[in-house]
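So you can see what is in the structure, the chains are spelled out below.
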Amino acid sequence: QVQLVESGGGLVQAGGSLSLSCAASGRTFSVYNMGWFRQAPGKEREFVAAISWIRDTTYADFVKGRFTISRDNAKNTLYLQMNSLKYEDTAVYYCAADASRWGRRPAEYEFWGQGTQVTVSS
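These lines cover the structure that appears in this document, whether it is placed above or below.

On to the overall build of the protein chain. A count of helices and strands for the protein chain gives zero helices and 11 strands. Listing the helices and strands of the protein chain from first to last along the sequence gives β-β-β-β-β-β-β-β-β-β-β. Each of the three principal axes of the protein chain carries a C-alpha extent, and together these read 40 × 25 × 25 Å. Total accessible area computed for the protein chain in this model is approximately 6100 Å², and 48% of it derives from carbon and sulfur atoms. Positive and negative side-chain charges in the protein chain, numbering 13 and 11 respectively, have mean positions lying 2 Å apart.

Encoded structure:
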């Protein structure tokens, strides 16, 4: 089992940047496939980016070229660097982990953090 805690959210103007972190504790972080998802009010949780335990990455089309997912196994931490933020990026951002599955659906991840709010002002 792994526990996940996100941080780094906040209020930023459109065009600005934020860096999210997800600190993991419990089982060995390096064996987990990790993902970032987001959920805006009244909308379903949607995939943002994922990184496998061997560091393959995949992104939602709407963040390609703007967001970068990375991991530091020595620090047990997952990151999401978000640049050129848009108003529509406003959401609660969640990190997720799974020891065996890796994909774009929330159901493919067993463990979740509590989320961090990102608000982009237009």
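Read on, since the account is not over.
Peptide bonds are, in most cases, trans, and in most cases residues other than glycine have a negative phi. At asparagine 76, a residue that is not glycine, the phi angle is positive and equals roughly 55 degrees. By secondary structure assignment, the location of asparagine 76 is in the loop between strand 7 (67-72) and strand 8 (77-82). Look at asparagine 76 and you get partly exposed, because its relative accessible area is 32%. With a phi close to 50 degrees, serine 84 is a non-glycine residue in the positive phi region. Turning to its location among the elements, serine 84 is positioned in the loop between strand 8 and strand 9 (91-98). Residue classification places serine 84 among the partly exposed positions, given a relative accessible area of 42%.

Moving on to the nonpolar core. One finds Leu4, Met34, Trp36, Leu78, Leu80, Met82 and Tyr93 to be the most contacted residues of the largest nonpolar core, which totals 36 residues. Broken down by secondary-structure element, the contributors of at least two residues to this core are strand 1 (2-7), strand 3 (18-26), strand 4 (33-39), strand 5 (46-51), strand 7, strand 8, strand 9 and strand 11 (116-121). Beyond its immediate chain neighbours, meaning those up to four positions away, leucine 4 contacts Cys22, Ala23, Ala24, Met34, Cys95, Ala96, Ala97, Phe111, Trp112, Gly113 and Gln114.

What follows deals with the state of the cysteines. A full pass over the atoms with the stated rule returns one disulfide. Covalently, cysteine 22 is tied to cysteine 95 through a disulfide, its sulfur atoms 2.0 Å apart. Disulfide cysteine 22-cysteine 95: the torsion about the S-S bond is 50 degrees, which places it as right-handed. One end of the pair, cysteine 22, is in strand 3; the other, cysteine 95, is in strand 9, and 73 residues separate them in sequence. The same class applies to cysteine 22 as to cysteine 95, namely buried.

Okay, the sheet that holds strand 1 next. One open sheet accounts for four strands, arranged 1-3-8-7; its pairing is antiparallel. What marks the edges here is a single partner per strand, and that holds for strand 1 and strand 7. Along the sheet, successive strands turn relative to each other by an average axial angle of 15 degrees, direction set aside.

Turning next to the environment of tyrosine 79. Considering the arrangement of structural elements, one finds tyrosine 79 in strand 8. Aside from chain neighbours lying at most four places away, what touches tyrosine 79 is Leu20, Ser21, Trp36, Thr68, Ile69, Ser70, Arg71 and Asp72.

About the criteria used
- Residues numbered from 1 in each chain as written.
- Predicted model: local features only at pLDDT ≥ 70, side-chain atom pairs only at ≥ 80, totals over all residues.
- Heavy atoms only, no water.
- Helix = DSSP H or I, 4+ residues; strand = E, 2+ residues; numbered from the N terminus.
- Areas by Shrake-Rupley, 256 points an atom, 1.4 Å probe, with all protein chains shown as cover.
- Lys, Arg positive; Asp, Glu negative; His and termini not counted.
- Charge placed at Lys NZ, Arg CZ, Asp CG, Glu CD.
- Buried < 20%, exposed > 50% of the residue type's maximum accessible area, 1.4 Å probe, protein only.
- Core = buried A, V, L, I, M, F, W, Y, C linked by side-chain atoms within 4.5 Å.
- Contact = heavy atoms within 4.5 Å.
- Disulfide = S-S within 2.5 Å.
- Pairing = 2+ DSSP bridges.
- Axes fitted to C-alpha atoms, helices over the stretch in contact; angles between N-to-C directions.

Nothing here speaks to function; it is all geometry.
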